[in-house]
Amino acid sequence: MELGKDSWMDMANRLRNGGPSAVLARFALMLAGNAALADLLEHAANSDKDSLTHIRNRGALEEDIKELLLSPESGALIVIDLVNFGQVNNQRGQSGGDKLLQIIAEGLTRVTSRRRNDIIYTQHSRTEPSQQDEEGYRVGGDEFVALLKNGDSLKNADIVAITHTKLRQILEDPAVTEFLTSENDDPDKVISLFGIRAGACIIDANKHASYADVQSDADPKLGTVCEYQLRLVDGTYELDCTI
């Protein structure tokens, strides 16, 4: 059984996307007598994935921003840090911290989707639908990123509004509060506060030459545009916007 160039590319894409199509792709390669190649392609296809959360990693983000800076497309970067994550690791251990990272990654995946059409409302304006290509990444430790592309009409105020919406939606996921409350019957494992904060910037090829330049402009440690916290109040977690 011989496979043409297009077939090889299709197999690689299927392996990268995972799920049932990846299983079929591996089976087809094995039928073709290429089990070793199936292993190699699968490894290469997943080299841009974070091993813990299975979303895309920093290397993939750097490549995507490099391509964006060389293209006529516009875009924006939202850099997300976890607030009080150290307490989670201290109270629940590394396995608990890893579980929360996976929950946040799932939430980020849910609120970022390829080809979104949003009407963005800010305090003073209404922006007509803009078709955006969005994707989430884990770039290290407790830092995540959302990359928005093709948002030609987005302004700084729009990016701030989008960031507020995404952070609130991530923390409103019942999986977050379920994790926080799961061991609160043990006083030594109570998480009194957990949150996420973000910085954001519009990507500008005239200003930014690399991923490092873009990341620096969006770093929440240097300029937080919004922060949401879940605080334990009388046994219930209450969501609050602090910035």
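About the cut-offs
- Residues numbered from 1 in each chain as written.
- Predicted model: local features only at pLDDT ≥ 70, side-chain atom pairs only at ≥ 80, totals over all residues.
- Heavy atoms only, no water.
- Helix = DSSP H or I, 4+ residues; strand = E, 2+ residues; numbered from the N terminus.
- Buried < 20%, exposed > 50% of the residue type's maximum accessible area, 1.4 Å probe, protein only.
- Contact = heavy atoms within 4.5 Å.
- Areas by Shrake-Rupley, 256 points an atom, 1.4 Å probe, with all protein chains shown as cover.
- Salt bridge = Lys/Arg side-chain N within 4 Å of Asp/Glu carboxyl O.
- Core = buried A, V, L, I, M, F, W, Y, C linked by side-chain atoms within 4.5 Å.
- Phe/Tyr/Trp six-rings, centres within 6.5 Å; stacked < 30°, edge-to-face > 60°.
- Lys NZ or Arg CZ within 6 Å of the ring centre and 35° of its normal.
- Polar contact = N/O pair within 3.5 Å; in protein donor to acceptor, adjacent residues only side chain to side chain.
- pLDDT = per-residue confidence, 0-100.
- Arc of directions from axis to C-beta.
- Axes fitted to C-alpha atoms, helices over the stretch in contact; angles between N-to-C directions.
- Parallel < 35°, antiparallel > 145°, perpendicular 65-115°, else oblique.
- Left-handed = near helix turned anticlockwise from the far one by under 90°.
- Pairing = 2+ DSSP bridges.

**A closer look at the overall build of the chain**
No. 1: Scanning the chain for helices and strands turns up eight helices and seven strands.
No. 2: A total of 243 residues make up the chain; the buried ones form 45% of that total.
No. 3: A separation of at least 24 residues holds for 66% of the contacts in the chain among residues at least 6 apart in sequence.
No. 4: Accessible area of the chain: about 12500 Å², with a carbon and sulfur share of 49%.

**Description of the pattern of salt bridges**
No. 1: Applying the stated rule across the entire model yields 14 salt bridges.
No. 2: With its nearest N and O atoms 3.4 Å apart, the salt bridge here joins Lys 66 to Glu 63. One end of the pair is Lys 66 and the other is Glu 63, both in helix H4 (residues 58–69) and three residues apart, which spans about a single turn.
No. 3: Ionic pairing is found between Glu 172 and Arg 168, a salt bridge with its closest N-O pair at 3.8 Å.

**What about the nonpolar core?**
No. 1: The biggest cluster of nonpolar side chains holds 36 residues, and the ones touching the most others in it are Ile 80, Phe 144 and Phe 194.
No. 2: Secondary structure elements with two or more residues in this core: strand E1 (75–83), helix H5 (85–111), strand E4 (143–149), helix H6 (156–172), helix H7 (174–181), strand E5 (193–203) and strand E6 (226–233).
No. 3: Discounting residues that sit within four places of it in the chain, Phe 144 has contacts with Ile 55, Ile 78, Val 79, Ile 80, Leu 82, Leu 101, Ile 104, Ala 105, Leu 108, Tyr 137, Arg 138 and Val 139.
No. 4: By size, the runner-up hydrophobic cluster in this structure holds 16 residues, among which are Val 79, Val 145, Leu 147 and Val 214.

**Observations concerning the packing of aromatic side chains**
No. 1: Applying the stated criterion to the full structure yields zero aromatic pairs.
No. 2: Between the NZ or CZ atom of Arg 92 and the centre of the ring of Phe 179, over which it lies, the distance is 5.3 Å.

**Looking at the side chain of Arg 56**
No. 1: Within the secondary structure, Arg 56 is located in the loop between helix H3 (35–45) and H4.
No. 2: Its relative accessible area of 10% is what places Arg 56 among the buried residues.
No. 3: A distance of 3.2 Å separates polar atoms of two side chains, one belonging to Arg 56 and the other to Asp 48.
No. 4: Only 2.6 Å separates the side chain of Arg 56 from the side chain of Asp 64, close enough to count as a polar contact.

**Describing the confidence of the model for the chain**
Note: predicted coordinates in regions of low pLDDT should not be interpreted at a detailed level.
No. 1: Residues with a pLDDT of 70 or more make up 72% of the chain, whose mean pLDDT is 81.
No. 2: Contacts of residues 1–6 to residues separated by more than four positions or lying in other chains number six contacts, the stretch itself having pLDDT below 50.
No. 3: Counting contacts from residues 36–44, a segment whose pLDDT is below 50, to residues more than four positions away or on other chains yields eleven contacts.

**Here we look at helix H8 (residues 211–218)**
No. 1: Within the sequence span of H8, burial applies to Tyr 211, Val 214, Gln 215 and Ala 218. Looking down the long axis of H8, one finds its buried residues gathered within 95° of arc, a one-sided arrangement.

**Some remarks on the packing of H5 against H6**
No. 1: Relative orientation of the contacting elements H5 and H6 amounts to 130°, with a least axis distance of 9 Å. As judged from the angle between their axes, H5 and H6 are oblique. Considering how the two elements wind past one another, H5 and H6 form a crossing that is right-handed. Counting all contacts with H5, which are made through Ile 104, Gly 107, Leu 108, Arg 110 and Val 111, the residues of H6 involved are Lys 166, Gln 169 and Ile 170.

**Side note on the pairing of E5**
No. 1: Within E5, nine of the eleven residues are buried, which leaves the element mostly enclosed by the surrounding structure.
No. 2: The sheet contact formed by E1 and E5 spans nine bridges and is antiparallel. Bridge pairing links Val 83 to Gly 195 in E5.
No. 3: Here six bridges tie E5 to E6, and the two strands are oriented antiparallel to one another. Counted as the bridge partner of Leu 193 is Arg 231 from E6.

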